[in-house]
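As a plain string of letters, each chain reads:
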Amino acid sequence: MTFLLKLLCCLVQIIIGFYWAGDMARQNPRIDALVTHFENGYGSFNAKLKDARLAGGLATLRQFYGWVAVIACLLFFGLAKLVGPAPNFFRFLSLVIVGSTFGWFSIKWCLDHKKTVQETSRQVALPVFGPVVLGVMDYMFGTSITQAVANGFYELPLPFIRELPHLTNPMVIGTIISLLFAAFFAVYYLLTWLLAAPIAIMSAMVVLLSVMLARFVHTLAPRKPFIGLTFVLFAAATVSSLWL
């Protein structure tokens with residue numbers, strides 16, 4: 001692994017040295033056109049990135065996470081028959097799918113929290129308020145729907161409790177079941193924050209570091225930012241090769 005990293009650093013230094021040779025290295029028209037394309041493309045990208053704001057950067061990163069998840073899913077199912085049994089490869093793809101999907105959701109949860117909660121409120125309202133409504137209907141019409149639902153809870157093995165008291169009032173049963181669902185979704189809400197917030201903070205740090213790097217590159221080479229990027233990459237490859 002160390003050898004491969006050293007080889008990668010060496011290749012980066014060679015390619016950048018070739019680029020720094022200037023006209024001597026760009027005598028071939030195709031190579032010159034390719035390098036010019038990279039210079040112009042990165043120059044436009046860096047000009048936008050250095051002036052980007054955190055919210056816009058996170059929105060772009062969320063889209064990137066989404067596309068990575070989609071592509072990884074397509075590769076996972078598309079290459080299953082072509083590659084055959086390759087557990088390490090598909091384990092890696094599974095981690096990419098889970099990580100990118102949760103990264104997308106974390107940014108969506110923190111950045112568009114109100115909208116996300118509103119989108120799920122209808123699904124949550126049914127199990128939370130439904131048992132109370134059923135209890136009222138049982139009480140008014142003399143049915144026993146809530147009692148049938150409660151029988152399922154009586155059969156569940158509960159720690160520290162040998163036997164649950166058997167209630168008969170449908171309104172009380174419905175209220176208790178609603179409170180149980182409400183407590184479940186409250187815990188789920190808190191756990192989602194505990195898991196999503198650190199990922200969103202890490203994503204925000206990625207955006208901030210990228211913006212800082214773009215501004216640093218612009219300071220080094222405001223007329224041709226690609227040269228500044230090559231200097232940063234060359235310095236990183238040199239320092240990394242010394243530590244490896």
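Residues numbered from 1 in each chain as written. Predicted model: local features only at pLDDT ≥ 70, side-chain atom pairs only at ≥ 80, totals over all residues. Heavy atoms only, no water.

Side note on the side chain of H113
Line of reasoning, step 1. With respect to the secondary-structure elements, H113 resides in helix α6 (residues 113-141).
Line of reasoning, step 2. Among the residues examined, H113 registers a relative accessible area of 19% and is labelled buried.
Line of reasoning, step 3. Side chain to side chain, H113 and Y189 meet in a polar contact 2.8 Å long.
Line of reasoning, step 4. If we ignore the near neighbours within four places in the chain, the residues touching H113 are K108, Y189 and W193. (Helix = DSSP H or I, 4+ residues; strand = E, 2+ residues; numbered from the N terminus. Buried < 20%, exposed > 50% of the residue type's maximum accessible area, 1.4 Å probe, protein only. Polar contact = N/O pair within 3.5 Å; in protein donor to acceptor, adjacent residues only side chain to side chain. Contact = heavy atoms within 4.5 Å.)

Looking at the layout of surface pockets
Line of reasoning, step 1. Roughly 310 Å³ of internal volume is contained in the largest pocket.
Line of reasoning, step 2. In this structure, the largest pocket is lined by F45, K48, L49, A52, R53, G56, G57, T60, L61, V206, V207 and S210.
Line of reasoning, step 3. Mapped onto the lining of the largest pocket, the elements with two or more residues apiece are α2 (29-50), α3 (54-78) and α8 (170-220).
Line of reasoning, step 4. Ranked by the residues each element gives to the lining of the largest pocket, the list is headed by α3, at 4 residues.
Line of reasoning, step 5. Looking at the lining of the largest pocket, its residues break down into 6 nonpolar, 4 polar and 2 charged. (1 Å grid on protein atoms, 1.4 Å probe; cavity = no way out; pocket = protein on both sides within 12 Å on 5 of 7 lines; lining within 4 Å. Points joined across faces, edges and corners; volume = space filled by probe spheres on them. Nonpolar A, V, L, I, M, F, W, Y, C, P; charged D, E, K, R; others polar.)

Overview of the packing of α3 against α8
Line of reasoning, step 1. One way to put it is that α3 packs onto α8 with a least axis distance of 9 Å and a crossing angle of 110°. Here α3 is positioned roughly perpendicular relative to α8, judged by the angle of their axes. Here α3 runs over α8; the crossing is right-handed. Facing L54, G57, L58, L61 and Y65 of α3, the residues of α8 in contact are A200, S203, A204, V207 and L208.
Line of reasoning, step 2. Each residue belonging to the contact of α3 with α8 can be placed in one class, and the counts come to 8 nonpolar, 2 polar and no charged. (Axes fitted to C-alpha atoms, helices over the stretch in contact; angles between N-to-C directions. Parallel < 35°, antiparallel > 145°, perpendicular 65-115°, else oblique. Left-handed = near helix turned anticlockwise from the far one by under 90°.)

Some points on the pattern of salt bridges
If charged atoms from side chains of opposite charge come close, those side chains can pair.
Line of reasoning, step 1. Evaluated as defined, the whole model comprises 5 salt bridges.
Line of reasoning, step 2. Of the charged contacts, one joins K50 and D51 as a salt bridge, the two residues approaching to 3.2 Å between their closest N and O atoms.
Line of reasoning, step 3. If you follow the salt bridges from partner to partner, you end up with R26, D32 and E39 in one network. (Salt bridge = Lys/Arg side-chain N within 4 Å of Asp/Glu carboxyl O.)

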